[in-house]
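# Close look at the chain arrangement
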Protein chains: 2
Amino acid sequence: MAQKPSIPKGTRDFGPVEMVGRNYIFNTVRSVFAKYGFQCIETPSIENLSTLLGKYGDEGDKLLFKVLNSGDAFSGIDFKSYEMQTEEGTRMNSNALSLKVCEKGLRYDLTVPFARFVVQHQNEISFPFKRYQIQPVWRADRPQKGRYREFYQCDVDVIGSKSLINELELVQIVDEVFGKMGINVCVKINNRKILAGIAEVCGQPDKMVDITVAIDKIDKIGLDAVKEELREKELTENAISIIEPVLLLEGTTDEKIAKMSEVLAASEVGMKGIEEIRTLFGLISNAGIKSEVQLDLSLARGLNYYTGAIFEVKAKDFEIGSICGGGRYDDLTGIFGLPDMSGVGISFGADRIYDVLKGLDLFPKDINGTADILFTNMGEAETAYVIPIAAQLRARGVRCEIYPDATKLKKQFDYADRKGIKYLAIVGGDEMAEGVVSIKNLSTGEQRKEDAKKISDLTW
Amino acid sequence: MAQKPSIPKGTRDFGPVEMVGRNYIFNTVRSVFAKYGFQCIETPSIENLSTLLGKYGDEGDKLLFKVLNSGDAFSGIDFKSYEMQTEEGTRMNSNALSLKVCEKGLRYDLTVPFARFVVQHQNEISFPFKRYQIQPVWRADRPQKGRYREFYQCDVDVIGSKSLINELELVQIVDEVFGKMGINVCVKINNRKILAGIAEVCGQPDKMVDITVAIDKIDKIGLDAVKEELREKELTENAISIIEPVLLLEGTTDEKIAKMSEVLAASEVGMKGIEEIRTLFGLISNAGIKSEVQLDLSLARGLNYYTGAIFEVKAKDFEIGSICGGGRYDDLTGIFGLPDMSGVGISFGADRIYDVLKGLDLFPKDINGTADILFTNMGEAETAYVIPIAAQLRARGVRCEIYPDATKLKKQFDYADRKGIKYLAIVGGDEMAEGVVSIKNLSTGEQRKEDAKKISDLTW
């Protein structure tokens, strides 16, 4: 019996129409990245588990897809030694056993492989190293709407420079990418040093992560719930009274900076953050950025490794999470043996950008990824007449197809229609005798005859 | 202690220079595929093991990378029930156990996922379906020179049409792709029906596969060894005396066809093969193909599913295996429940094509993937002057970088040099006062001053 074909939960097939849209996104970001001197690299999908484990927290470790060792993975394994005693009785230490039989895993993101790449190839690289990377990543997340187990990331990072020019360039890239796509965006910027400063002036510097995690939720759960969470994390009422006005801060960027300078006056790291923000917004104002750029002190971003600027980009005319985000990290490569390598990077979310472009009908109309002309097939003699004509057109860069089978014309018309082909080139006995091709415009229905010899000189 | 970073055996990192070359290959094939009306699809890297198993023979099954079920993969497993008794004692049935804990695997090629895709989406597809697919595949092969565990395939197939126009188009695509790249190729063509016919006239039609496998080796092991192998496979001396002259056949395509028509006169399938070859070569002669195209009766290709034309492409000026190959198959989708879908396709070997382009120095010189201009960084004031100029240049599509840090000029020069950047744009106090930018051509050493306002109007 034949198998009913299916794919694993959380994975997707992309058909021709979706791929046209996705390639438009990839090509757009790629061309902008290149314009700023970023270079493409690729790393293997499979990394050693030792490279991946411990980099994403305990939760992340659980979401790694592990690849079974090839060959006799289970031979010689003493299963007894993986038994654990629990209150419920004996059970298998599944985690330890899986590490024994799996030495490799699928990459979880592009950041850790990038850090590994930089350290491994440090002698071949010219620093500051500006790279972009567009590849799939895998996460054993519970599949749900908009969350996939295999999805692409588009990362652009510069490593080996502390200059805020890099932050500026990333904002310029965001501005140019979404400008090209016609998506109105708001770029939100904050700085982790400001968040550290807030924790410091609260008198609870050890609570920086808790504060960050809590205020990161303000958009989702609102001020009161954030305050409640801060209380649960044992922030004092005094601390909360310092944090609350920061979250509610309004006015221009200059006004916000002025206010925060007062709040953070006593914190060295906080004032360093203020200085960085002031410089960055100064650079931005001089660079002809068209998108809205906002200082958002409630922006925190979950990842622990950020140490300076953090970014998040939202589409203004479409309800969806952030479509791009990132930040500066001061020590991503340290764990692989190369300390003090500061870097900054952002990641574009291809799936969400696709949804925005589709939802707002912003995909360009001329990227249908299909042929311009379909030559109908009325038999062998006609095809022999058509083949050199089609070859000529292709030599001029015109995309064309010859319908391969001499079936009913209706079927050939339908094929052209379903594929979105613009012109039908009809060749029967009359056309051959006259040395012409009948060209039918499928959207207007208009039909005309063209000299077969001159057809490749026309504009298609 | 820091981990020493490494990647799994048989996998590769691709740095900026390699990626420029690889993307040149992918973009070239992609643009040609599109010109013939082929459309891009992508399938997930992870497929259900049930989709993959049994499609590549026992050897192939062993080379599948299996992905461990996420979560508690080993919980509740009765390991006892996987024990096997062998002469040497009790051992684990590793294969059965791995299937229990792994339901998914990494795709082994793009053909089986394509067949699965066609069946699963048959109601959304307009047949004949012309698709291309450029994605990595994984094989747990023993790593060795030129053989990788993760590598890209570039497949182009049309399914749902028996017309030989499709075979012609694939030859045209090969001709155009390698023509664009400047690689001289020889396209070798044979037909499986001819091989079946030979087995038939030998009186041993059941030996078709054995004959195919043996004569596939003639290039590697020579005539005598092939004959020896045929004897081992229990081909009669009479059969071998029929096969031998076929392998040694010389002359023009017409002469070969004429001779084979005599040999195969008694075989219906053989004569069908002759007819197909005659038609295909007729089509080819009318299509303006520039590459050498050869009927090669010793061409067999290992894969069992081919039933008609088979192709193989060799670089004429570089010693390497075939750089492209494929053929027609009559029932690839049957196993997934869609019988009688004839298709034909070829696959381009990106790694080997890369080696040929590199070995013959054929990569275009203007695809260096780096910025055209590097603006030096002499401090904050200079950078503020430079940022709008760089923005203007980028708006005109010129790729440029600003060196992010105000370090020694020597270091900035070296950076430009190592990245292969053509021009250095130097801005110090003098240039700012004059409203100019000093442009240094790094290959000629020539330096000139350009009006800062007009710099984006120049040709770079």
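Keep in mind the model is a prediction, meaning the values are calculated, not measured.

### Some thoughts on the overall build of chain A
Scanning chain A for helices and strands turns up 16 helices and 18 strands. A compact globule built from 460 residues would reach a C-alpha radius of gyration of about 23 Å, whereas chain A, at 29 Å, exceeds it by more than 25%. Each principal axis of the C-alpha distribution contributes one length, and for chain A these read about 90 × 65 × 50 Å. For chain A, the proportion of its 460 residues judged to be buried stands at 58%. Counting only contacts in chain A whose residues sit at least 6 apart along the sequence, the fraction spanning at least 24 positions is 68%.

### Regarding the nonpolar core
Among the nonpolar cores identified, the biggest contains 267 residues, and Phe178(A), Phe348(A), Phe375(A), Phe178(B), Phe348(B) and Phe375(B) are the most heavily contacted of them. When near neighbours in sequence (up to four residues on either side) are disregarded, Phe375(B) contacts Val386(B), Ile389(B), Ala390(B), Leu393(B), Cys400(B), Glu401(B), Ile402(B), Tyr403(B), Ala425(B) and Val437(B). Residues Val67(A), Leu106(A), Leu106(B) and Trp138(B) belong to the second largest nonpolar core, which totals twelve residues.

### Looking at the relation of the copies chain B and chain A
With an axial shift of 0.0 Å and an RMSD of 0.1 Å, the rotation relating chain B to chain A amounts to 180°. Seen this way, the second copy is the image of the first under a two-fold rotation axis. For chain B, the smallest separation between a C-alpha atom and the rotation axis is recorded for Val67(B), amounting to 2.2 Å.

### Digging into helix α6 (residues 165–181) of chain A
Residues and elements named next belong to chain A. Here α6 is 17 residues long and its end C-alpha atoms lie 24 Å apart, about the 24 Å a rise of 1.5 Å per residue gives. Burial within α6 is extensive, with 15 of its 17 residues counted as buried. A positive backbone phi angle near 80° is found at Gly 182, which sits one or two residues after α6.

### Some details on the environment of Val67(A)
You can see Val67(A) is positioned in strand β3 (residues 66–67). Residue Val67(A) is classed as buried on the basis of its relative accessible area, which comes to 0%. Separated by 369 residues in sequence, Val67(A) and Val436(A) have C-alpha atoms that sit 60 Å apart. Residue contacts for Val67(A): discarding those within four places in its chain leaves Val101(A), Cys102(A), Glu103(A), Lys104(A), Gly105(A), Leu106(A), Phe65(B) and Lys66(B).

### Quick word on the interface of chain B and chain A
On the side of chain A, 105 residues touch chain B, which itself brings 105 residues to the contact. Both sides together, the interface formed by chain B and chain A hides about 8,700 Å², and carbon and sulfur atoms give 56% of it. Our enumeration of links across chain B and chain A arrives at eight salt bridges. The partner of Arg394(A) in a salt bridge is Glu169(B), and the shortest N-O contact between them spans 3.3 Å. Taken together, chain B and chain A are joined by 42 residue pairs in polar contact (both at pLDDT 80 or more). Its residues placed into classes, the side of chain B that touches chain A shows 50 nonpolar, 31 polar and 24 charged.

### Regarding the pairing of strand β18 (residues 447–451) of chain B
Residues and elements named next belong to chain B. Of the strand pairs in this sheet, strand β17 (residues 436–441) and β18 are connected by five bridges, and their pairing is antiparallel. The partner of Val 437 across the bridge, within β18, is Glu 450. Once β17 ends, the chain turns through five residues before running back antiparallel as β18, passing Gly 445 with a positive phi of about 85°.

### Structural notes on helix α11 (residues 253–263) of chain B
For an α-helix, 3.6 residues make a turn, and residues three or four places apart therefore share a direction. All names here are of chain B. All buried positions along α11 are accounted for by Thr 253, Lys 256, Ile 257, Met 260 and Ser 261. Buried residues of α11, viewed axially, fall in a sector of 135°; they line one side. Along α11, the residues that are exposed and aim more than 90 degrees away from the buried face are Asp 254 and Glu 262. As for α11, its buried residues are in contact with α7 (192–201), α10 (237–248), α12 (268–285) and β10 (292–295).

### Let's talk about the sheet that holds strand β17 (residues 436–441) of chain A
Residue and element names in this part refer to chain A. The five strands lie next to each other as β15-β14-β16-β17-β18, forming an open sheet whose pairing is mixed. Looking at which strands have only one partner, the edges of the open sheet turn out to be β15 (400–402) and β18 (447–451). Mean inter-strand twist for the sheet, computed between neighbouring axes without regard to direction, equals 25°. Bridging between strand β16 (residues 423–426) and β17 involves four bridges; their strand directions are antiparallel.

### Brief notes about the packing of helix α14 (residues 380–395) of chain A against helix α6 (residues 165–181) of chain B
The N-to-C vectors of α14(A) and α6(B) enclose an angle of 25°; their axes lie 13 Å apart at closest approach. Compared by their axis directions, α14(A) and α6(B) come out roughly parallel. Our pair here, α14(A) against α6(B), has a crossing hand that is right-handed. Contacts from Thr383(A), Ile387(A), Ala391(A) and Arg394(A) in α14(A) reach Ile165(B), Leu168(B), Glu169(B), Gln172(B) and Glu176(B) in α6(B). Here the residues of the contact of α14(A) with α6(B) sort into four nonpolar, two polar and three charged.

### Structural notes on the confidence of the model for chain A
Averaged over all residues, the pLDDT of chain A is 93; the fraction at 70 or higher stands at 99%. What the predictor reports for the complex is a pTM of 0.94 with an ipTM of 0.94.

### Observations concerning the environment of Thr333(A)
Residue and element names in this part refer to chain A. Structurally, the position occupied by Thr 333 is in the loop between β12 (324–329) and β13 (343–348). Considered as a pair, Thr 333 and Thr 212 are 121 residues apart in the sequence and their alpha carbons are 23 Å apart. Contact partners of Thr 333, with chain neighbours within four places excluded, come to Ala 115, Val 118, Val 119, Ile 159, Leu 338 and Met 341.

### Things to note about the sheet that holds β10(B)
Residue and element names in this part refer to chain B. Pairing in this open sheet of eight strands is mixed, and the strands run β1-β7-β8-β13-β12-β11-β9-β10 from one edge to the other. The open sheet has two free edges, formed respectively by β1 (39–40) and β10, since each of these has just one partner strand. Of the pairings in the sheet, the one linking β1 to strand β7 (residues 129–138) comprises two bridges and is parallel in character. Residue pairing in the sheet places Cys 40 in a bridge with Tyr 132 of β7.

### Overview of the pattern of salt bridges
Under the criterion given, the structure shown has 64 salt bridges over all chains. Two residues, Glu276(B) and Lys193(B), come together in a salt bridge whose shortest N-O distance is 2.9 Å. Placement of Glu276(B) in helix α12 and of Lys193(B) in helix α7 is noted, with a sequence separation of 83 residues between them. The pair formed by Glu276(B) and Lys193(B) is uniform in burial state, with each residue classed as buried. Connected through salt bridges with shared partners, the residues Lys130(A), Glu169(A), Arg394(B), Glu401(B) and Lys419(B) form a single ionic network.

### A word on the packing of helix α11 (residues 253–263) of chain A against helix α12 (residues 268–285) of chain A
Residue and element names in this part refer to chain A. Contact geometry of α11 with α12 gives a least axis separation of 10 Å together with a crossing angle of 165°. Here α11 is positioned roughly antiparallel relative to α12, judged by the angle of their axes. Two packed elements cross with a definite hand, and for α11 against α12 that hand is left-handed. Residue-level inspection shows Thr 253, Ile 257, Met 260 and Ser 261 of α11 in contact with α12, the latter providing Met 271, Ile 274, Ile 277, Arg 278 and Phe 281. The residue makeup of the contact of α11 with α12, split by class, is six nonpolar, two polar and one charged.

### Considerations on the environment of Ser81(B)
Residues and elements named next belong to chain B. With respect to the helices and strands, Ser 81 occurs in the loop between β3 (66–67) and β4 (83–86). Judged by relative accessible area, which is 51%, Ser 81 ranks as exposed. C-alpha separation for the pair Ser 81 and Ala 96, spaced 15 residues apart in sequence, amounts to 10.0 Å. At 2.7 Å, the side chain of Ser 81 and the backbone oxygen of Asp 78 are in polar contact.

### Some words on the side chain of Asn191(A)
Relative to the helices and strands, Asn191(A) is located in strand β9 (residues 185–191). At 2.8 Å, the side chain of Asn191(A) and the backbone nitrogen of Lys193(A) are in polar contact.

### Remarks on the side chain of Glu176(A)
With respect to the helices, strands and loops of the structure, Glu176(A) is situated in helix α6. Judged by relative accessible area, which is 16%, Glu176(A) ranks as buried. Within polar-contact distance, the side chain of Glu176(A) engages the side chain of Tyr36(A) at 2.9 Å. Setting aside its immediate chain neighbours within four residues, Glu176(A) contacts Val32(A), Lys35(A), Tyr36(A) and Arg394(B).

Reading the values: rules and limits
- Residues numbered from 1 in each chain as written.
- Chains lettered and ligands numbered in written order.
- Predicted model: local features only at pLDDT ≥ 70, side-chain atom pairs only at ≥ 80, totals over all residues.
- Heavy atoms only, no water.
- Helix = DSSP H or I, 4+ residues; strand = E, 2+ residues; numbered from the N terminus.
- Rg over C-alpha atoms; globule rule 2.2 N^0.38 Å.
- Buried < 20%, exposed > 50% of the residue type's maximum accessible area, 1.4 Å probe, protein only.
- Contact = heavy atoms within 4.5 Å.
- Core = buried A, V, L, I, M, F, W, Y, C linked by side-chain atoms within 4.5 Å.
- Least-squares fit on C-alpha atoms with pLDDT ≥ 70 in both.
- Expected span 1.5 Å × (residues − 1).
- Buried area = accessible area lost by both parts, 1.4 Å probe.
- Salt bridge = Lys/Arg side-chain N within 4 Å of Asp/Glu carboxyl O.
- Polar contact = N/O pair within 3.5 Å; in protein donor to acceptor, adjacent residues only side chain to side chain.
- Nonpolar A, V, L, I, M, F, W, Y, C, P; charged D, E, K, R; others polar.
- Pairing = 2+ DSSP bridges.
- Arc of directions from axis to C-beta.
- Axes fitted to C-alpha atoms, helices over the stretch in contact; angles between N-to-C directions.
- Parallel < 35°, antiparallel > 145°, perpendicular 65-115°, else oblique.
- Left-handed = near helix turned anticlockwise from the far one by under 90°.
- pLDDT = per-residue confidence, 0-100.

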